[in-house]
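Inside the fold
Take a look at the letters that make up each chain.
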Amino acid sequence: MNMDQELKQTIECVYELCEEVEKTLQKTVTLQNPLKALLQTELMMYVMYLTVSDDRIELSESQFLRDYLDYDFSPDEIATFVQNNSVETFRQTVPYTFQLFVKADNLLYGRHGKVSLAACALYQMYETIGLALISADEEIDVQEYHDLADFLTMLKAYMDQHLDSAKKRSVHSPPPNKKT
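Notes on the structure follow. (Residues numbered from 1 in each chain as written. Predicted model: local features only at pLDDT ≥ 70, side-chain atom pairs only at ≥ 80, totals over all residues. Heavy atoms only, no water.)

Turning to the environment of leucine 38, a few remarks are in order. Here leucine 38 is to be found in helix 2 (residues 35-51). Taking the C-alpha atoms as reference, leucine 38 lies 13 Å from valine 94; in sequence the two are 56 residues apart. (Helix = DSSP H or I, 4+ residues; strand = E, 2+ residues; numbered from the N terminus.)

Another point: unusual backbone geometry. Positive phi, normally seen in glycine, also occurs at aspartate 55, with a value near 65°. Summarising the element assignment, aspartate 55 is placed in the loop between helix 2 and helix 3 (59-69). Taking the relative accessible area as the measure of exposure, aspartate 55 reaches 75% and is therefore exposed. Phi is positive for aspartate 70, close to 65°, though the residue is something other than glycine. Among the structural elements, aspartate 70 can be located in the loop between helix 3 and helix 4 (75-84). (Buried < 20%, exposed > 50% of the residue type's maximum accessible area, 1.4 Å probe, protein only.)

Before going further, it helps to spend a moment on the side chain of lysine 8. On the secondary structure map, lysine 8 appears in helix 1 (residues 5-25). Owing to a relative accessible area of 14%, lysine 8 belongs among the buried residues under this scheme. Among all residues touching lysine 8, those that are not within four sequence positions of it are Met3, Asp67, Tyr68 and Asp70. (Contact = heavy atoms within 4.5 Å.)

In this section: the pattern of salt bridges. Taken as a whole and assessed by the stated rule, the structure comprises six salt bridges. In this structure, the salt-bridge partner of arginine 66 is aspartate 67, at a minimum N-O distance of 3.2 Å. Residue arginine 66 is classed as partly exposed on the basis of its relative accessible area, which comes to 36%. For aspartate 67, a relative accessible area of 17% gives the class buried. With its nearest N and O atoms 2.9 Å apart, the salt bridge here joins lysine 156 to aspartate 160. With lysine 156 and aspartate 160 both in helix 7 (residues 142-162), this residue pair falls four residues apart, about one helical turn. With relative accessibility at 38%, the residue lysine 156 sits in the partly exposed group. Looking at aspartate 160, the relative accessible area reads 41%, which means it is partly exposed. (Salt bridge = Lys/Arg side-chain N within 4 Å of Asp/Glu carboxyl O.)

A few words now on the packing of aromatic side chains. Applying the stated criterion to the full structure yields eight aromatic pairs. Between the aromatic rings of tyrosine 46 and phenylalanine 151, the centroid separation amounts to 4.8 Å while the plane-to-plane angle is 35°, which identifies the pairing as tilted. Here tyrosine 46, found in helix 2, pairs with phenylalanine 151, found in helix 7; they are 105 residues apart in sequence, far enough to count as distant. By the burial criterion, tyrosine 46 is buried, and phenylalanine 151 matches it. Summarising the aromatic geometry, the rings of tyrosine 71 and phenylalanine 73 are spaced 6.2 Å apart at their centres and angled 5° between planes, so their arrangement reads as stacked. The class of phenylalanine 73 is partly exposed, set by a relative accessible area of 22%. (Phe/Tyr/Trp six-rings, centres within 6.5 Å; stacked < 30°, edge-to-face > 60°.)

Moving on, we come to the packing of helix 6 (residues 118-134) against helix 7. One can describe the packing of helix 6 onto helix 7 by two numbers: an axis separation of 10 Å at closest approach and a directional angle of 180°. By the angle between their directions, the pair helix 6 and helix 7 is classed as roughly antiparallel. For the pair helix 6 and helix 7, contact is made by Ala119, Cys120, Tyr123, Tyr126, Glu127, Gly130, Leu131 and Ile134 and by Glu144, Tyr145, Leu148, Phe151, Leu152, Leu155, Lys156 and Met159, respectively. Each residue belonging to the contact of helix 6 with helix 7 can be placed in one class, and the counts come to twelve nonpolar, one polar and three charged. (Axes fitted to C-alpha atoms, helices over the stretch in contact; angles between N-to-C directions. Parallel < 35°, antiparallel > 145°, perpendicular 65-115°, else oblique. Nonpolar A, V, L, I, M, F, W, Y, C, P; charged D, E, K, R; others polar.)

From the geometry alone we can't say anything about function, so treat these as descriptive.
This is the structure we're talking about:
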């Protein structure tokens, strides 16, 4: 598997965004660990969740973890990790870092009326990583695709419900007054 440098750069850019999100949240949220470390762990869980989706763990999927997220697990180690941890609940839980990105966007929107796209960038990264991972073994399983789509639908619904700037653009809002 050839490493996609653009995907690697995208991940690095979102890691850099973590610092900005932390600065925005510094007076409202106390973190025990840097946000980047939390995101790395959640991305590892996400990749493992999608990896076991088709009930088999390919070497290309463990290489994906190593190449893009710097976690070096063999397929057997991934299987053991998944057995010992509740990766399945991952699909029903909005990642904490995603919630924090939305919160930071809302704070910036509330303070300055400016739309921040941090949560959208994180969503796009989840989508891009997911698509790259499920095609890493050159065979997209229907269950992998459904699990990816379900996870992304959950994130999108969370943004629609909790992202203040998204609420302002909803179809339920009256159109802005135009001056002619």
